[in-house]
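Residue-level structural notes
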Amino acid sequence: MTAVVLALLAAGAYVGATWRCRSPWPLARTASWLAGVAAAAVAVAGPMGAHGDLRAHMAGHLLLGMAAPLLLVLAAPVTLALRALPPAEARRLARLLRTAPLRWLADPLVAVPLNAAGLWLLYGTGLHGALAHSPVLSAGVSAHVLVAGYLATASVLAVDPAPHRRGVGVRALALAGGAAAHDVLAKVLYAHPPAGTVGAEEGARLMYDGGTVLTLLTAAVLWRRWYTSREAVRAAAQPA
Amino acid sequence: MADASTRPPARRRLLVSGLLLGAGVAGAVDEIVFHQLLHWHHFYDRASGAAGLVSDGLLHAGTFSAAVAGMALMADARRRGRFLPPLWWGALLTGAGAFQTWDGLVHHKVLRLHQVRYGVDLTGYDVAWVLPGVLLLVAGVALLLRARRVPAA
């Protein structure tokens, strides 16, 4: 229930901001945001809660930690906020984004390892088993999975403006490194499932294959954005 | 604004694109044909240690990431209008051969991550796995050496 209320608030805030935006806002971005919010809500309300069945749990994990973040990042919420807020508040937000902690979190070399480390903690320790008994802990972990997934995807794709953006090679390598950690974890879960779970082998394979597909999609978006970026187009047009 | 002398030369971009795409294509063939279609390879046969798992994860994620990056860099090299077929094909074959040889020797034999097939005598399969890899590698390097003599158009 809480998840549905939060989803409606997130959807409402974004759509409201597009009305106040000082320039026309692309409909595709709004659609991406709404789809991302829906994916996260479905994951939290449904399969993420199935801690005992690893197949359902992993479907939820892929939705909440990878698919929803990708859709939310493509919606460029920070860009929208900067354009929709009154100028004074937009400047304050821009200043906040330049502060050290937020700059670190926007760095793929920090955000991607943090995301991977969170997953290893969740499944490598007794944390996953404890979730079934504590709704508060479960909600906290769900929020962490979504936020950490969002920060990692945002740092790799750099759709929203960032003060010190890493080059495309570093961002692609960070994405591949995160995918490798995801793959290894899936195989470890395959061999050593968390105590008290069923469907571990299929769940681990779903995590591995689904992670591959979503990382491929993210990489395709990353390189397509690079190919059409102003710098790359300009460099290609110059005589060597 | 970078001037012409500081930008990566078009030849290097083509070389990198071919190497990445070659490794990516070989990895995709391995995954699709032998893991998914034939089910010869096992997902994880529990015979290898942590080093094998990490190496396999890096290789799997690395190859499909390399395929996407290789395609983007190739598209960029083409729009720059300096596509040199021997250089690009040489790099592609070298990348594919290096992947196949590494997979056959290090993954299957040294780290014992998984085998080509189960329940059969492996010698013939291993030769059939590594030999094409070595041939691809040799052909690729030969093409690259030839391409070095072609002046940049």
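Residues numbered from 1 in each chain as written. Chains lettered and ligands numbered in written order. Predicted model: local features only at pLDDT ≥ 70, side-chain atom pairs only at ≥ 80, totals over all residues.

This next bit is on the overall build of chain B. Helix and strand counts for chain B stand at four helices and zero strands. Each helix (α) and strand (β) of chain B, taken in turn from the N terminus, gives the series α-α-α-α. (Helix = DSSP H or I, 4+ residues; strand = E, 2+ residues; numbered from the N terminus.)

Residues and elements named next belong to chain B. The UniProt feature table records "transmembrane region" (unreviewed entry) at residues 52–75, 87–107 and 127–145. End C-alpha to end C-alpha, residues 52–75 measures 34 Å, and it is 100% helix and 0% strand. Between the end C-alpha atoms of residues 87–107 there is a gap of 29 Å, over a span that is 100% helix and 0% strand. (UniProt positions renumbered as here; feature names shortened; annotations may be inferred.)

Turning to unusual backbone geometry, a few remarks are in order. Residue and element names in this part refer to chain A. Here A76, not a glycine, exhibits a phi torsion of approximately 50°, which is positive. Structurally, the position occupied by A76 is in the loop between α3 (54–74) and α4 (77–84). A positive phi is found at A158, a non-glycine position, where the angle reads about 50°. Looking at the secondary structure, you find A158 in the loop between α9 (135–157) and α10 (168–191). A residue is classified by how many C-beta atoms lie within 10 Å of it, and A158, with 19 of them, is partly exposed. (Buried ≥ 20, exposed ≤ 12 C-beta atoms within 10 Å, placed from the backbone.)

The interface of chain A with chain B comprises 24 residues on the first partner and 23 residues on the second. Listed by contribution, the elements that provide at least two residues to the side of chain A that touches chain B are α10, α11 (200–227) and α12 (230–237) of chain A. When residues in the side of chain A that touches chain B are grouped by element, the largest group, 11 residues, is from α10 of chain A. In terms of residue class, the side of chain A that touches chain B is built from 19 nonpolar, two polar and three charged. (Contact = placed C-beta atoms within 7 Å. Nonpolar A, V, L, I, M, F, W, Y, C, P; charged D, E, K, R; others polar.)

Let's shift gears to the UniProt feature "transmembrane region" (unreviewed entry) in chain A. If you check UniProt for "transmembrane region" (unreviewed entry), the listed places come out as residues 33–50, 62–85, 105–124 and 136–159 of chain A in our numbering. The distance separating the terminal C-alpha atoms of residues 62–85 of chain A is 33 Å; by composition the span is 88% helix and 0% strand.

With that settled, the discussion passes to the packing of α10 of chain A against α11 of chain A. Axes are the key here: two packed helices are described by the angle between their axes and the distance separating the axes. Residues and elements named next belong to chain A. For the pair α10 and α11, interaxial distance at closest approach is 8 Å and the crossing angle is 175°. Classified by the interaxial angle, the pair formed by α10 and α11 is roughly antiparallel. Counted together, V168, R171, A172, L175, A179, H182, D183, A186, K187, L189 and Y190 of α10 and A200, E201, A204, M207, Y208, G211, T215, T218, A219, L222 and W226 of α11 form the full contact between these two elements. The residue makeup of the contact of α10 with α11, split by class, is 14 nonpolar, four polar and four charged. (Axes fitted to C-alpha atoms, helices over the stretch in contact; angles between N-to-C directions. Parallel < 35°, antiparallel > 145°, perpendicular 65-115°, else oblique.)

With that settled, the discussion passes to the environment of L114 of chain A. All names here are of chain A. For L114, the location among the structural elements is in helix α7 (residues 108–124). The class for L114 is partly exposed, based on 17 C-beta atoms found within 10 Å. For the pair L114 and A148, spaced 34 residues apart in sequence, the C-alpha separation works out to 7.1 Å.

To continue, consider the nonpolar core. All names here are of chain A. Ranked by size, the top nonpolar core spans 100 residues in total, and within it A40, A67 and A68 carry the most contacts. Broken down by element, this core gets its largest block of residues, 14 residues, from α3. Excluding its chain neighbours within four sequence positions, the residues that come into contact with A40 are A7, L64, A68 and L146. (Core = buried A, V, L, I, M, F, W, Y, C linked by C-beta atoms within 7 Å.)

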